[in-house]
Amino acid sequence: MNKDRKGYIQIYCGNGKGKTTAALGLSLRTLLSGGSVYFAQFCKGSETAEMGLCSIFENFVMEQYGTGKFIVSDPSEEDRKQARQGFKHCKNVLLSGFFDLVVLDEIILSVFYQLITVEEIISMLRTRKPWVEVVLTGRKAPRELIEAADLVTEMKKVKHYFDAGVKARRGIEF
């Protein structure tokens, strides 16, 4: 862990594919450079291929905070509870400064579904140790989060095979 390095806030947003994939790429780069990564997945609650990184890298921790079911309906009380628990845990992770990179995957979508507020996220980001790099991902990024970030990349959908009826494929979409 390089405590002399300044950590920045990055956002990967937009309606295009690749937000989580980009965050995983940065995570892999951090791990291969000797760093540590905490990867929190909000709104997700099913096994994904990337969970396998936990058995490959001892300095990679991934936790999910969600049921993964409400994307096609409204969030349940359990979804709300898990988002709140995840937010509280991530706040403690950022306060600790233990990880070089903290990824808050789909936390922006959690704002859209009113599971977490923009103000809470911005306040949490301000409490992190200065060397911790943070990545937030998700669709529908609010202006306040974009303004608080140091780097914002928008994934724009031009064409997607989902529109032709192709289902999510293991190893590609999850």
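Residues numbered from 1 in each chain as written. Predicted model: local features only at pLDDT ≥ 70, side-chain atom pairs only at ≥ 80, totals over all residues. Heavy atoms only, no water.

Undergrad: Hey, could you go over the overall build of the chain for me, with residue numbers and the actual values?
TA: Across its full length, the chain carries six helices and six strands. Reading the chain from its N end, one meets helices and strands in the order β-α-β-α-β-α-β-α-α-β-α-β. The C-alpha atoms of the chain give 15 Å as radius of gyration, which agrees with the globular expectation for 174 residues (16 Å, within 12%). For the chain, the spread of C-alpha atoms along the three principal axes comes to 50 × 35 × 30 Å. Expressed as a percentage of the 174 residues in the chain, the buried residues total 47%. Nonlocal contacts in the chain, meaning residues at least 24 apart in sequence, comprise 73% of its contacts between residues at least 6 apart. Accessible surface computed for the chain: about 9,500 Å², of which carbon and sulfur atoms make up 52%. Both charge centroids of the chain, one from 25 positive and one from 21 negative side chains, sit 2 Å from each other. (Helix = DSSP H or I, 4+ residues; strand = E, 2+ residues; numbered from the N terminus. Rg over C-alpha atoms; globule rule 2.2 N^0.38 Å. Buried < 20%, exposed > 50% of the residue type's maximum accessible area, 1.4 Å probe, protein only. Contact = heavy atoms within 4.5 Å. Areas by Shrake-Rupley, 256 points an atom, 1.4 Å probe, with all protein chains shown as cover. Lys, Arg positive; Asp, Glu negative; His and termini not counted. Charge placed at Lys NZ, Arg CZ, Asp CG, Glu CD.)

Undergrad: Give a detailed account of the sheet that holds strand β6 (residues 151-154), specifying residues and quantitative values.
TA: Pairing in this open sheet of six strands is parallel, and the strands run β3-β2-β4-β5-β1-β6 from one edge to the other. Of all strands in the sheet, those bounded by a partner on one side alone are β3 (60-65) and β6. Within the sheet, the average angular offset between the axes of one strand and its neighbour, ignoring direction, is 15°. As judged from the four bridges shared by strand β1 (residues 9-13) and β6, these two strands associate in the parallel manner. Residue Tyr-12 lies in a different strand from β6, and its bridge partner there is Thr-153. Across the face of the sheet, helix α3 (residues 77-96) comes into contact with β2 (37-42), β3, β4 (101-105) and β5 (133-138) while running at roughly 160° to β2. (Pairing = 2+ DSSP bridges. Axes fitted to C-alpha atoms, helices over the stretch in contact; angles between N-to-C directions.)

Undergrad: So what's going on with the environment of Cys-13? Residues and values would help.
TA: Among the secondary structure elements, Cys-13 is positioned in strand β1. For the pair Cys-13 and Thr-137, spaced 124 residues apart in sequence, the C-alpha to C-alpha distance is 5.6 Å. For Cys-13, the residues in contact, after removing those within four places along its chain, are Lys-19, Gly-138, Ala-141, Val-152, Thr-153, Glu-154 and Met-155.

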